[in-house]
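Remarks on the overall topology
The lines below spell out each chain.
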Amino acid sequence: MKPLVFICLILFIYIKQIKSFTGTVTLVEDNYSHTGYCRPTHFVNVTSSVSLSTLYFRDANGATQNPKFTITYSEYISPNYYLSGYLTNGFYQLNPTSTLHAKDATYGNEQSINAVIDYVCQLPPIINITEPVNFNVKPIHIETIFSVYVDNLEKRIQKMEITSKTVYPFSISYVNCEPFFINFKLVYEYSNLSAIINSEFLYYEIDYGVLTNFTLKIIPPINYYTNTSIVNISKYPNSPYITSNNWDINNMVFIDGFSIDPKLYFYAVYNTGILDKNQFFSLISGNLTNGQFLFLSSSFPPSRISLQYSFTFGLYAYGIQNNFSDSIITNNIIKPNFNNYGIFTHNEPFKWNELYIRCLYPDDYKISFKFGNNNYFTPTYPYGIALLSSDGNCIYDISYANGYDQIEIATDIGFSYNNPASISNDTTPPKLVDFQLFYPRGGDGNYAILKVHIIDTGSGFSFMYYGGNYITVSDLINGTIKDGYYEKLIYVTFDTTCKMGDIDSNIVICNTLISDVPSNQNIKYYYGVNPSDSIPYLVDTDFEITRFDFESSVYDISETGRLVSFYLNYSKSQPDIPISFFLTDRNYGDKYIDINSKSNRYLMDKDLNLFKITFYIPPKLCTGTLPFLIIIHGKQFRNHYFYSKFGDQANLNVFSNDCYELPPRVTSLSYLENSPITLDSNQTIGWSFEVHSGSDIKISYAFFHVTSNLDKKGYTFEFYPNSTSFSASITMDLSPSNTPSQIFKIYNATLIDERGIRSDHIDNYRVEEIISNQSPTFPLSISPFYLIDKGLFTINVSSTFIRESMKPIISLSTLQGYHINSFLESSLYFSLATSDNVGISINHLPQVYLEQSSNYGDFKIIQCITKINETSVTLCKYDIICNVGYGYGIQNSVSVSVYGVVDTSLNIASYSSLELNQTYDLNDLTNSKKPSISGWAPLTPNNDKLTIFGRNLPTSGGNAYLYYTDSDIDNLVVLVFSFSSSVMAVLEIGPSTKPFIIYTQDSNNQTSNKVEIHYLGGDPSSSSSSTSSSSSSSASSSDDLTLPPTSCLDNCGGSSRGTCIPNIGCHCKSPYSGINCLSETIKVPKPYINSTSPDSRNEFPVSGADIKLNTIISILALRELNFEGKQVNIHYFDSWNFTTVSSTNFTYDSTILKNNQHVSNISVVMEWYEQSSIITFAKQNLTINPSTLKYYISIDKYPFASSLNTLDLIIKSTFKSSQNDDICGSKEFSLNDGNNYMTLQIGKYSFEGKFIKKAIINGNRIVSINNKLLDDNETNSDTTTKEKDMSNQQSSFISIQIPHYDSNILLDPSFSVLLDTNESSKNSGNSICTSNKSSKLSAAQVTGIVIGSFIIVVIVFLFIFVKFSKTDKSLSVKIFFYKSCKRFKRKY
């Protein structure tokens, strides 16, 4: 009986096994057959009764054909085992029938899987490429990727064998292919010096299968060295050079010649055998008839760990064996000492590690740290510096959370590893359970909602990275970090890169890398056991570009830049999905662009039903084809891609008869007093210098940074010359009473011309790119000092000051208070005191940092704001403000570190709260579950849906409410959700044009902040078009005004210029403007920056005529009016303190007087925007044309005499022309698209001010305001010159009327100079005309003169901040003020 039971049991198990192995097979990547076999990749999932280890296919003959299986999911869920992953396996082309098999994990026995496999292996098509490949973008590089279009190629070719019967100086290799395109790499082989190209084409035979091949013809990109007259060769450096860091200078050779062959090619080889892949040879001035070329290459030693290494650089021309010149470069670097370091582990207040490193301070080189699998972290001074001595020895002291299993210390001249012992038993990464994307349609296509469910039963979830966005614990909406649901509003990059990690740094790629499969945008990435468990795409990635052409075949930029347009379309394009366009550099490629820039995104032209991209090409670029980059659905397309399919019509060709592409450079540098210097009395030291652009291109910005062997903060100097050359000095005032002996040196310098072409003394490279003796990704920038002797860079100062060795003492208070704004952002307040027995350096402001190490990517470090409160010789007190976003510090406690505390002996001290076992738990502070509305999509009239964004929005059991501003709050309308998530909701609001207030309420009856919403173009107004001011009236803070109907004049210039919004007016497309869109703004370089006031003044010539135009914008005065409109106080702004924050950011500060008493302060931040941008003001998107100058104006509390009083901010505008005869001038104040327009017109040019009739008060409430055109006498000005309007000069005073407020107000006017289609004439309203009867030019001839124009757009934001008495509330409000300014600066 027992044997029978045993047999039945075995039989039962066997039968159960047969029935329990089932699977599904889904094709994810296919290719054509090669040598009789295809190697597709399938996603396979299997359900079984036993644990399986691997999966594979067997063909009809039982062979496995080299299977490769990548597991993505393996789990036991009773009663079954689940296994899924990617399986790449060979399929026989003649008989692709195959079956699925597996091996059990216990015994290795093979199991047959019941699965349907429907696959056909196809032969590759016959490829016939008749057109030769032409490399139209010069210069040709050592390695160049190019594309070949093949109209019948629908799948990937597995392999290509490339041969050539002739020896060429080039080789080509197969890179990859995609439907309809094959990508190759052309490589210059310098070893083939004797190879001569003596035929019309280079021929390469390409075999890609059995009896399948084709011939690729390439037009030779270079010619043998003939028919070129070289007249001069000069090199820099021109003598043996000692480098400090291997990267501080390039080898530059200038070559002058006549009748230059456009295919002339120079290259360099070092005696080490190294060929710099970034070297280039390019025309930089003149033309091919008479011009100058530049050869540039960066030197680097074969071994970066050598203490010293000398090598030579030889320059060759293709076809010449002997080198033209050589340079001897010595690597004279002292390797940093990393032998003295340690890792200390602490257990309180939580587990954390302290990295302690003693090294030479990285003065001329960079240092980076890598913790575990995270990104490299490169600290900037003073972060991490615990000690710095005069001999360069320093100590880094950095704290980080537990869980890292490896630390890497990287510099460009050394590399070190440390492997601390693991202190965690958690080795299992997080598991992705669900991944969903919601992509709202109808907007600008920049945002989507990501919803994920992640489990990590070990240390807990830390982060997910998806397409440039981090999802962290702050995005947890339900559950815990062990098993949680997360939601986030993400910025759309269309990148599908995805990884996630836990607290103990177990990091896994959630879209598993597939072995043996090249990158393909269309591959599905699976994370679960089912084929439906795949990471979704935001858009359809399987598309084809169907059109691409420029408006012109060539653009002449010999004298001026050009606005250029091209047309593009692709299959499956949508009007609300943007594409990106970038003009790249022929030599530096993508080095200076941000591929995720919003300003480079474009939406489809709805009238044309395709993409029309308009951009600016700067002047005097050299003749040739310009490269560009287009990103569609996350995929990058280069110019060679479009050229291979569309031919010459896809080339961006430019012409310049006298080009110039060199950046500005320093032409002279001299000491103010020769070095060495003995400092025995107060003295000014430094350098005087001259900078030249080398052509008529203006220099827009210059930056210099001087440091010393003791002072790494040093001194920074910025200049804004706006001229082709300038002279200046960089000076330092020293005193023997507080200046120790030290060596000063010019550490860094940057010069930028008006086109953005720049030179840098220290290049901004990523140290991790070159730690393995490799070239950086891009060529190094040209040094602005290539003409200067490096020996002039240093000044030795000997001082009588005696240094002391005691470090300063630091005292940091505990958290004193905090403030949370309506957007759930927090401000934390600390106080800091530093003291020293000799003296504290007030030139070195201590830097305070909040630190959280939650193991996602880089350290989560927030630099706080330090403000001096009280100073003396030996004691300084500071107020510290730390602004943190929602969710900061939820996962781990936050520590506080202080770095950069310096005394007069230049001793450095640091502090960490961890040293006192003190951290700060911000979970209750930054993890508020209160609902908050932070923004919303713009509304157009009669739009019946509203999209809002925020935090903790109700998803179930909650409500949203609306009430109109012209009704009582009790008249609430309960809204219906058409979509809801915790971060975004779409509400059905019904058609209307009236402004309303909206808020949400969750199931716990917590209400959100209330926000006031206006329709785009639906603002109320007090008057229609007028040409003179009306009677005085105070600004209204109510919103019950209705908008008078406005007509669309002149059909808004046609569909290409603007769109008519019924009863609202013309909505103009960039770059057009005006009430009828018949005016056009022109992009120009950055204007001169005024260092005495925030007034914008410009003078610019008119091309083709002896005429100059002038514009002046002045923030004139702030006046107080009573309820009758009578003035009770006025203050004129006549004195400002100027501070340069950066090359595009400037601050002006002044005081406000009332009754001759200082009652308030005004601070103006001016920021320059070079590119066209989309900004948001009053929750509507506004297009800002190129060359934008924005003002942020903040005013402390103003002491109103009565609660009925209001303020006027008076802005004066003036427009002048040097033309005196046969010209008319006029002014107009009108209404269009809900905004007021002030227009000062002289002839064919106008100066336009656009005043948006909205304001934001009390931080988030949007109200209507009035703008008014004042007469001169209404300003009651005794100090302002009364300038009479004339035919060639027009002025206006605009009053922005500010209602009485509780806390703050924000305003938004803008100004532009425009080229008008209709010239001002005697028939224009309010016109003043002059004529010269003796003039030999008719009015029509004068009108016909082609003149240039200038645009300056000033976006003025006024933030009025209520200043309370010195209480805790005072500090809270101050922090709110600063945070609001920072938020608006960042947003706009």
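Conventions used here
Residues numbered from 1 in each chain as written. Predicted model: local features only at pLDDT ≥ 70, side-chain atom pairs only at ≥ 80, totals over all residues. Heavy atoms only, no water. Helix = DSSP H or I, 4+ residues; strand = E, 2+ residues; numbered from the N terminus. Areas by Shrake-Rupley, 256 points an atom, 1.4 Å probe, with all protein chains shown as cover. Buried < 20%, exposed > 50% of the residue type's maximum accessible area, 1.4 Å probe, protein only. Pairing = 2+ DSSP bridges. Contact = heavy atoms within 4.5 Å. Axes fitted to C-alpha atoms, helices over the stretch in contact; angles between N-to-C directions. Phe/Tyr/Trp six-rings, centres within 6.5 Å; stacked < 30°, edge-to-face > 60°. Lys NZ or Arg CZ within 6 Å of the ring centre and 35° of its normal. Salt bridge = Lys/Arg side-chain N within 4 Å of Asp/Glu carboxyl O. pLDDT = per-residue confidence, 0-100. Core = buried A, V, L, I, M, F, W, Y, C linked by side-chain atoms within 4.5 Å. Disulfide = S-S within 2.5 Å. Polar contact = N/O pair within 3.5 Å; in protein donor to acceptor, adjacent residues only side chain to side chain.

With that out of the way, let us pick up the overall build of the protein chain. Broken down by element type, the protein chain carries five helices and 101 strands. For the protein chain, the accessible area works out to roughly 56700 Å², and carbon and sulfur atoms hold 49% of it.

This brings us to the pairing of strand S90 (residues 1206–1217). Of all twelve residues in S90, eleven are buried; the element is thus mostly enclosed. Note: S90 against strand S97 (residues 1289–1298), ten bridges, orientation antiparallel. Bridge pairing in S97 places leucine 1209 opposite isoleucine 1296.

Read from one edge of the open sheet, four strands run S44-S43-S47-S48, paired in antiparallel fashion. Of all strands in the sheet, those with a lone pairing partner are strand S44 (601–602) and strand S48 (635–638), marking the two edges. In this sheet, S44 lies alongside strand S43 (residues 579–583) in antiparallel orientation, the contact comprising two bridges. Within the sheet, the bridge partner assigned to isoleucine 579 lies in S44 and is tyrosine 602. Of the strands in this sheet, strand S47 (628–632) and S48 touch helix H2 (residues 639–646), which is tilted by about 65° from S48.

In this section: the sheet that holds strand S16 (residues 229–236). Pairing is antiparallel in the open sheet, where five strands are placed in the order S16-S18-S21-S20-S50. The outermost strands of the open sheet, each flanked by one partner alone, are S16 and strand S50 (659–660). Across seven bridges, S16 lies against strand S18 (residues 250–258) in antiparallel orientation. Residue pairing in the sheet places serine 229 in a bridge with phenylalanine 258 of S18.

Applying the stated criterion to the full structure yields 70 aromatic pairs. Relative to tyrosine 849, the ring of tyrosine 383 lies with its centre 4.9 Å away and its plane at 80°, an arrangement referred to as edge-to-face. Separated by 466 residues along the polypeptide, tyrosine 383 in the loop between strand S27 (376–377) and strand S28 (385–388) and tyrosine 849 in strand S63 (residues 847–852) bring together distant segments of the chain. Summarising the burial analysis for this pair, tyrosine 383 and tyrosine 849 share the class buried. Look at phenylalanine 704 and phenylalanine 719: their rings are 6.2 Å apart centre to centre, the planes differ by 75°, and that puts the pair in the edge-to-face class. Here phenylalanine 704 is found in strand S54 (residues 699–708), whereas its partner phenylalanine 719 is found in strand S55 (residues 715–719), with 15 residues between them in sequence. Each member of the pair, phenylalanine 704 together with phenylalanine 719, is buried. Directly above the ring of phenylalanine 201 sits lysine 217, whose terminal nitrogen or CZ lies 4.9 Å from the centroid. Sitting over the ring of tyrosine 465, lysine 499 keeps its end group 6.0 Å from the ring centre.

Each turn of an α-helix holds 3.6 residues, which means side chains three or four residues apart point in the same direction. Across the eight residues of H2, six count as buried, placing the element largely inside the fold. After H2 finishes, the residue glycine 647 shows a positive phi value of roughly 75°.

This part covers the pattern of salt bridges. Counted under the stated rule, the structure contains 21 salt bridges. Among the salt bridges present, the one from glutamate 75 reaches lysine 431, with a minimum N-O distance of 2.6 Å. Of this pair, glutamate 75 sits in strand S5 (residues 68–77) while lysine 431 is found in strand S32 (residues 431–438), placing the two residues 356 residues apart along the sequence. Judged by relative accessible area, which is 25%, glutamate 75 ranks as partly exposed. Lysine 431 gets classed as partly exposed once you look at its relative accessible area, which sits at 27%. Of the charged contacts in the structure, one is a salt bridge between aspartate 475 and lysine 488, with a shortest N-O distance of 3.9 Å.

Right, let's get into the confidence of the model for the protein chain. Mean pLDDT over the protein chain works out to 78, with 76% of the residues at or above the 70 mark. Per-residue pLDDT stays below 50 along residues 1017–1045; that stretch engages in 81 contacts with residues further than four places along the chain or on separate chains. Of the regions scoring below 50 in pLDDT, residues 1333–1388 engages in 169 contacts with residues more than four places distant in sequence or in other chains.

Turning our attention to the nonpolar core. Membership of the largest hydrophobic core comes to 43 residues, with the highest contact counts inside it found for Leu1118 and Ile1162. Apart from the residues within four sequence positions on either side, leucine 1118 is in contact with Asn1129, Ile1130, His1131, Phe1133, Ile1152, Ile1195, Tyr1198, Leu1207, Asp1208 and Leu1209. Listed in part, the 37 residues of the second largest apolar core include Leu186, Ile206, Phe214 and Tyr267.

Right, let's get into the state of the cysteines. Evaluated as defined, the whole model comprises five disulfides. Between the sulfur atoms of cysteine 38 and its disulfide partner cysteine 121 the distance amounts to 2.0 Å. Torsion about the S-S bond of the cysteine 38 and cysteine 121 cystine: about 85°, corresponding to right-handed handedness. Residue cysteine 38 is located in strand S2 (residues 37–38), and its partner cysteine 121 is located in the loop between strand S9 (110–113) and strand S10 (143–149); the two are separated by 83 residues in the primary sequence. Cysteine 121 carries the same exposure label as cysteine 38, and that label is buried.

A few words on the environment of glutamate 131. Mapped onto the fold, glutamate 131 is located in the loop between S9 and S10. Expressed as a C-alpha distance, the spacing of glutamate 131 and valine 148, which sit 17 residues apart in the sequence, is 9.5 Å.

Backbone torsion omega between serine 78 and proline 79 reads 10°, so that peptide bond is classified as cis. Here proline 79 lies in the loop between S5 and strand S6 (80–88). With omega at 10°, the peptide bond leading from lysine 138 into proline 139 counts as cis. If you trace the backbone, proline 139 turns up in the loop between S9 and S10. In the Ramachandran plot, phenylalanine 494 falls in the positive-phi region, its phi being about 65° despite a non-glycine side chain. Take phenylalanine 494: it is sitting in the loop between strand S37 (483–491) and strand S38 (498–502). For leucine 906, which is not glycine, the phi torsion reads 65° and is therefore positive. Note on placement: leucine 906 falls in the loop between strand S67 (895–902) and strand S68 (908–912). Exposure remark for leucine 906: the relative accessible area of 8% places this residue in the buried category.

By the alternation rule, side chains of strand S96 (residues 1267–1270) split into Asn1267 and Leu1269 and Lys1268 and Leu1270, which are all buried. As paired strands, S96 and S97 are joined by four bridges and run antiparallel to one another. In the sheet register, lysine 1268 faces S97, and the bridge partner there is serine 1295.

With respect to the secondary-structure elements, arginine 586 resides in the loop between S43 and S44. According to the relative accessible area criterion, arginine 586 is buried, its value standing at 11%. A polar atom in the side chain of arginine 586 sits 2.6 Å from the side chain of glutamate 661. With near-sequence residues (within four places) excluded, arginine 586 lies in contact with Val137, Lys138, Pro139, His141, Leu621, Cys622, Thr623, Gly624, Thr625, Leu626, Pro627 and Glu661.

So, on to the environment of lysine 155. Mapped onto the elements, lysine 155 comes out in the loop between S10 and strand S11 (161–163). Taking the C-alpha atoms as reference points, lysine 155 and glutamine 122, separated by 33 residues in sequence, lie 9.5 Å from one another. Excluding residues that lie within four positions of it along the chain, lysine 155 makes contacts with Asp30, Asn31, Tyr32, Val120, Gln122 and Cys177. Reaching out from lysine 155, the side chain makes a polar contact with the side chain of aspartate 30 at a distance of 2.7 Å.

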